[in-house]
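Examining the three-dimensional arrangement
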Amino acid sequence: MKKVIIAIGCNHDHLTQMQHAKRLLSSTFEGINTSEMLWTEPIGRLFAGKKFTNMLVSCHTHMTLGELCALLKDLERQCGNTNALRQQGIVMMDMDVLLYDTAVCHPDDWQRDYVRRLMPELE
């Protein structure tokens, strides 16, 4: 089994969306561990004025990285995420793999304050 760390976040209907994402992840993976939720400032002009909530999730999987990424995109859609909403600056749910076994994914995200702050909660 591969250890996985996933960053999740949204900027709309925060509490409901984060709870829904946690339920979806819990029904997909056994033994998930979640960090606390943090409010974060948006990055980029498209999202200006729309604060995000973010959290980290750790779990284990037998999936390949490709299978995992495809599954997370499907879970984002189940949370209501669409390209049309993204173009309006609305993120219903974003899920990104930060760590897959020993492979670091999205290296720039590791420098974000919320990731550095929340990562110790998963160790």
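Reading the values: rules and limits
- Residues numbered from 1 in each chain as written.
- Predicted model: local features only at pLDDT ≥ 70, side-chain atom pairs only at ≥ 80, totals over all residues.
- Heavy atoms only, no water.
- Helix = DSSP H or I, 4+ residues; strand = E, 2+ residues; numbered from the N terminus.
- Contact = heavy atoms within 4.5 Å.
- Polar contact = N/O pair within 3.5 Å; in protein donor to acceptor, adjacent residues only side chain to side chain.
- Buried < 20%, exposed > 50% of the residue type's maximum accessible area, 1.4 Å probe, protein only.
- Pairing = 2+ DSSP bridges.
- Arc of directions from axis to C-beta.
- Phe/Tyr/Trp six-rings, centres within 6.5 Å; stacked < 30°, edge-to-face > 60°.

Mapped onto the fold, serine 35 is located in the loop between β2 (33-34) and β3 (38-40). Separated by 85 residues in the primary sequence, serine 35 and proline 120 have C-alpha atoms spaced 8.8 Å apart. Apart from residues lying up to four places away in sequence, serine 35 is in contact with Met55, Leu56, Leu118, Glu121 and Leu122. Side-chain polar atoms of serine 35 contact the backbone nitrogen of leucine 56, separated by 2.9 Å.

Here the focus is the pairing of strand β5 (residues 94-100). Where burial is concerned, most of β5 is hidden: six out of the seven residues are buried. For strand β1 (residues 2-10) and β5, the ladder comprises six bridges, and the chain directions are antiparallel. Paired with alanine 7 across the bridge in β5 is aspartate 96. Taken together, the two bridges between β5 and strand β6 (residues 103-104) define a ladder with antiparallel strand orientation. The partner of leucine 99 across the bridge, within β6, is valine 104. With antiparallel pairing between neighbouring strands as the criterion, β5 and β6 make up a hairpin whose turn holds two residues, including aspartate 101 at a positive phi of roughly 60°.

To continue, consider the pairing of β1. For β1, the buried fraction is high: seven of the nine residues fall into the buried class. The sheet contact formed by β1 and strand β4 (residues 52-61) spans nine bridges and is antiparallel. Residue pairing across strands places isoleucine 8 opposite methionine 55, the latter belonging to β4.

With that settled, the discussion passes to helix α4 (residues 113-122). Among the residues making up α4, those that are buried are Tyr114, Val115, Leu118, Met119 and Leu122. Buried residues in α4, looked at end-on, bunch into an arc of 125°, giving them a common side. With respect to the buried face of α4, the exposed residues turned more than 90 degrees away are Asp113 and Arg117.

Let's shift gears to the packing of aromatic side chains. Under the criterion given, the structure shown has one aromatic pair. Their ring planes at 80° and their centres at 5.7 Å tell us that phenylalanine 47 and phenylalanine 52 sit as a pair that is edge-to-face. Using a relative accessible area of 17% as the deciding quantity, one classes phenylalanine 47 as buried.

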